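# Structural description and commentary
Chain by chain, the residues:
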Amino acid sequence: MGADTSGRGVIRRAVAGQRRDVVVGSLLGAAHQTGEALVPVLIGLIVDRAVVRPDGGALALWLVVLAVVYAMLSYGFRFGARAGERAAEQAAHRLRLDVVRRVLAPHGGAEAGRPPGALVNVATEDARRVGALNMALTLGVAAVVGVVAGAVLLLRASVPLGLLVLVGAPVLMALGHYLARPLEHRSEAEQERAAHASGVAADLVAGVRVLKGLRAERAAVARYRATSQASREANVRAARAAALQTGLMLTLTGAFIALVALVGGRLVLSGSIGLGALVSAVGLALFLPGPIAVLAWVGAELAKARASAARIADVLAAPGETTGGTVEPDAVPGAAARTASGTDTPAPAATGPDAPTTAATPTPGELRLHRLGHGGLDGIDLTVRAGEHLGIVVTDTADAATLLRCLARRCDPDRGRIELDGTPLTELAPAALRSTLLVAEHDAQLFDGTLLDNVTAAAPAGADPHPAMDAAAVDEVAATLPGGTAGRIGERGSSLSGGQRQRVALARALAADRSVLVVHDPTTAVDAATEARIATGIRRARTGRTTVLVTSSPALLAATDRVVLIDGGTVSAEAPHEDLVRDHPVYRSAVLT
């Protein structure tokens, strides 16, 4: 994306990336404006050379010249506008990609403090406004050429008129820039309010079922009405600022043109210029408001673009949730033990959590927590052996969320470290970590599309998704959909029940086929019979692969090799599920009540 993520940097890249189209559009636009300025001059020449002194041949010749000029200005505008519009759309498209890349970046952080609707607004409307600056620049350059051409032609007709235009036009441009400043601030406020309204709307739509279940529709409508009203008021304030700026510029432009006409009339009366020159001067005086108004519009567009660029820059420059990490998978000790097919070859299991961490070739898929401390967690020591099917029961849901965030490296622990195959997670490149370790959280989102598309979203190319679907009992979900696995499930899986959505999300995690898989409460909305089937299916699908189940489900825990109990932020017990149920009252209370 480049080092400069300031608002000016965003604008600079948006324009520099489309410089070819901007230059072509500006040149063709300049040809159009030059042609527009030449038209009244040619009409003045026709009056002097073929009307005042009638001459049919001269009239025909100058009419042909006038037709050629009209063709030039027409094609100049057509193809110049096409180049400018192409530059605007391509720049907006690239900005949208930049924003999406930043939001999806492995180190995260872009979504912090921003609801999804706000990010959508930045990626769409703000990107469009910054991209549109390319079109404004092509028209602005053409307008400057038009003003200069009009002034030069006026100078040829009359030096006083030409000087008047040359002095007056820059003054008008400076006034337009000054008047656009309030619009910039109000435009930024308008976009902020609009983004907030979009975020509230997205949240309400996502939770519409819950709202209806709670009969909270009235409160939800009141909340959105207040947010929408604030957005409308910000929009009205921005519109008032734009109208004021446009109105003042039109008034100043009209006064300037009236002054030009007044001076020109006095020159005609004094005999300094002839009838043809008068016609040309009047025509140029009528022509000049056009490019000058365009310059005022460009100022307003620049103000909007700067406000939107600042918002885009805030997203692009948002600090990541984590920093550092450059080691790639091939550099991780033990990576050589992976087979060419991309799977891990299980090595002999470590003897226990106290096994040494300095082995020459750590077991592939081994996960170790060394005195991990973060939030409510305090001194967690735990070794998950390669290929082990481990259950973790956390009595405090906040501690469970903290553990998952650390394992997914959405945050780095305050104390201690987590190692994957002997390499600290903080040293692994985020993308490399994601390709090896997957943390499937409880509230995983589904996407609009087919059932099969959702299951295979993260699966390796060419992999068979059916074992994962069978393990998660997704075949039963497919049977309820028109079209089976090719049936659409709606936005966020809206056509599925809660349990069905959980099964699809679990199948997606299994199909991703990561070396280490951590799953959080994957069956809380699933009936007991299906849960027992899923417990067996996960074990079968993950044979030889490291799997961690953070859950309190007895069915899932019964299928694990051993279970670790985290109570009060520390490891208080570890043993097979049956032994803990029999011997440990805290564990028994956590999983059976």
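This report concerns the structure included in the present document. Since this is a predicted model, take the numbers as computed values, not measurements.

## A look at the side chain of Arg562
With respect to the element layout, Arg562 can be found in strand S9 (residues 562-567). Here Arg562 falls in the buried class, since its relative accessible area comes to 7%. Apart from the residues within four sequence positions on either side, Arg562 is in contact with Leu382, Thr383, Val384, Arg385, Glu388, His389, Leu390, Gly391, Glu574, Ala575 and Pro576.

## Some thoughts on the packing of helix H3 (residues 56-104) against helix H4 (residues 116-157)
It is at 7 Å that the axes of H3 and H4 come closest, and there the two elements cross at 150°. The angle between H3 and H4 falls in the class roughly antiparallel. Crossing geometry of H3 relative to H4 is assigned as right-handed. Counting all contacts with H3, which are made through Ala81, Gly84, Glu85, Ala87, Ala88, Ala91, Ala92, Leu95, Arg96, Val99 and Val103, the residues of H4 involved are Leu119, Val122, Ala123, Thr124, Ala127, Arg128, Val130, Gly131, Ala132, Asn134, Met135 and Thr138.

## Describing the nonpolar core
Ranked by internal contacts, the top residues of the largest apolar core, which has 31 residues, are Leu451, Val474, Leu496, Val504, Leu506, Leu510 and Ile538. Elements represented by at least two residues in this core include exactly helix H13 (451-455), helix H14 (466-471), helix H15 (474-479), helix H16 (498-511), strand S7 (516-520) and helix H17 (528-541). With seven residues, the single largest contributor to this core is H16. By size, the runner-up hydrophobic cluster in this structure holds 30 residues, among which are Leu372, Leu390, Leu403 and Leu428.

## Some thoughts on the sheet that holds S7
Taken together, the six strands give an open sheet; going across it, the order is S6-S7-S8-S3-S9-S10, and neighbouring strands pair in mixed fashion. Both outer strands of the open sheet, strand S6 (437-440) and strand S10 (570-575), are each paired with one neighbouring strand and no more. Along the sheet, successive strands turn relative to each other by an average axial angle of 20°, direction set aside. Relative to S10, S9 is paired through five bridges, and the arrangement is antiparallel. Residue Ile566 lies in a different strand from S10, and its bridge partner there is Val571.

## Quick word on the side chain of Thr402
Structurally, Thr402 can be placed in helix H11 (residues 397-407). In this structure, Thr402 is in contact with His374 and Leu377, ignoring residues within four places of it in sequence.

## Structural notes on the environment of Ala281
Inspection of the secondary structure puts Ala281 in helix H9 (residues 275-287). Expressed as a C-alpha distance, the spacing of Ala281 and Ala157, which sit 124 residues apart in the sequence, is 7.4 Å.

## Remarks on helix H8 (residues 217-269)
Compared with an ideal rise of 1.5 Å per residue, which puts 53 residues at 78 Å, H8 spans 75 Å between its outermost C-alpha atoms and is within 8% of the ideal. One or two positions beyond H8, positive phi appears at Gly271, with a value near 85°.

The rules behind each value
- Residues numbered from 1 in each chain as written.
- Predicted model: local features only at pLDDT ≥ 70, side-chain atom pairs only at ≥ 80, totals over all residues.
- Heavy atoms only, no water.
- Helix = DSSP H or I, 4+ residues; strand = E, 2+ residues; numbered from the N terminus.
- Buried < 20%, exposed > 50% of the residue type's maximum accessible area, 1.4 Å probe, protein only.
- Contact = heavy atoms within 4.5 Å.
- Axes fitted to C-alpha atoms, helices over the stretch in contact; angles between N-to-C directions.
- Parallel < 35°, antiparallel > 145°, perpendicular 65-115°, else oblique.
- Left-handed = near helix turned anticlockwise from the far one by under 90°.
- Core = buried A, V, L, I, M, F, W, Y, C linked by side-chain atoms within 4.5 Å.
- Pairing = 2+ DSSP bridges.
- Expected span 1.5 Å × (residues − 1).

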